Amino acid sequence: MTSAPTMTAAGTAAVRRVRPQDAARMRALRLEMLADSPLAFLETVAEAAARPHAEYAARIAAVSQGGASAQFVADPGGRFVGHAGGIAAPDEPGLTIVYAVYLNPAWRGNGLLDALVDEVAAWSRACGRPELMMEVVVGNERAYRAYQRLGFEDTGNRVPHPKIPTLRELQMRRPA
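My aim in this report is to walk through the structure given alongside it, one point at a time. (Residues numbered from 1 in each chain as written. Predicted model: local features only at pLDDT ≥ 70, side-chain atom pairs only at ≥ 80, totals over all residues. Heavy atoms only, no water.)

1. A closer look at the layout of surface pockets
Right, so step 1: When its volume is computed, the largest pocket comes out at roughly 1,100 Å³.
Right, so step 2: Lining the largest pocket are 43 residues, and of these Ala40, Phe41, Ala100, Val101 and Tyr147 sit closest to its centre.
Right, so step 3: Mapped onto the lining of the largest pocket, the elements with two or more residues apiece are helix H1 (23-36), helix H3 (53-63), strand E3 (69-75), strand E4 (82-88), strand E5 (95-103), helix H4 (112-126), strand E6 (131-137) and helix H5 (141-149).
Right, so step 4: Top element by residues in the lining of the largest pocket is E5. It accounts for 7 residues.
Right, so step 5: Of the residues belonging to the lining of the largest pocket, the class tally is 27 nonpolar, 8 polar and 8 charged. (1 Å grid on protein atoms, 1.4 Å probe; cavity = no way out; pocket = protein on both sides within 12 Å on 5 of 7 lines; lining within 4 Å. Points joined across faces, edges and corners; volume = space filled by probe spheres on them. Helix = DSSP H or I, 4+ residues; strand = E, 2+ residues; numbered from the N terminus. Nonpolar A, V, L, I, M, F, W, Y, C, P; charged D, E, K, R; others polar.)

The structure is reproduced here in structure tokens:
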């Protein structure tokens with residue numbers, strides 16, 4: 001499933017599910033994500049950089065197919081400029097957890113975020129999961145507003161950040 005290319009001020013990018021051959025470009029994007037937004041993700045740049053390429057390749061191959069987990073990228077034809085992933089919630093059969101949402105700063109604010117989340121939503125529906133949930137660090141107002149614009153609503157649930165005990169995350173949901 002590949003969406004039509006999304007035209008932005010920065011250019012055109014196709015949003016599609018990752019493929020096994022995307023491992024090197026995915027690794028580069030992951031390192032960029034972690035450097036740009038270190039509190040939003042669950043590992044450090046150093047941890048990600050230390051991971052062997054073979055491990056990245058295996059991970060990308062695993063999420064390139066099937067219904068348990070998927071990753072989608074914004075691909076303008078060179079370096080990837082965006083990412084959003086989805087994983088089946090272990091305790092709620094109808095729910096997909098949206099994770100690792102990122103856009104390169106030059107590509108923000110032009111509809112590409114919508115296209116990435118739409119791909120996760122379409123995959124979720126195709127897998128029989130009609131609802132999406134994501135967690136956002138409390139205080140990350142830019143992300144919070146962006147997800148509200150995409151139809152996510154604050155559930156009122158607050159959970160501890162899985163890596164940084166002083167932070168909390170808020171849960172947001174919307175239909176897939």
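2. Concerning the nonpolar core
Right, so step 1: Leu112, Leu113, Leu132, Met134, Tyr147, Phe152 and Met172 are the most contacted members of the largest nonpolar core, which totals 31 residues.
Right, so step 2: Mapped onto this core, the elements with two or more residues apiece are strand E2 (11-17), E3, E5, H4, E6, H5 and strand E8 (168-175).
Right, so step 3: Considering every element that reaches this core, the biggest residue donor is H4, with 8 residues.
Right, so step 4: Ala23, Phe41, Tyr56 and Tyr102 belong to the second largest nonpolar core, which has 15 residues in total. (Core = buried A, V, L, I, M, F, W, Y, C linked by side-chain atoms within 4.5 Å. Buried < 20%, exposed > 50% of the residue type's maximum accessible area, 1.4 Å probe, protein only.)

3. Brief notes about unusual backbone geometry
Glycine aside, negative phi is the norm for most residues, and most peptide bonds take the trans geometry.
Right, so step 1: The backbone phi angle of Ala100 is positive, close to 50°, even though this residue is not glycine.
Right, so step 2: Summarising the element assignment, Ala100 is placed in strand E5.
Right, so step 3: Owing to a relative accessible area of 15%, Ala100 belongs among the buried residues under this scheme.

4. Focus on the pairing of E4
Right, so step 1: In terms of burial, E4 is a largely internal element, 5 of the 7 residues being buried.
Right, so step 2: Bridging between E3 and E4 involves 6 bridges; their strand directions are antiparallel. Among the inter-strand pairings, Ala70 is bridged to a residue of E4, identified as Gly86. (Pairing = 2+ DSSP bridges.)

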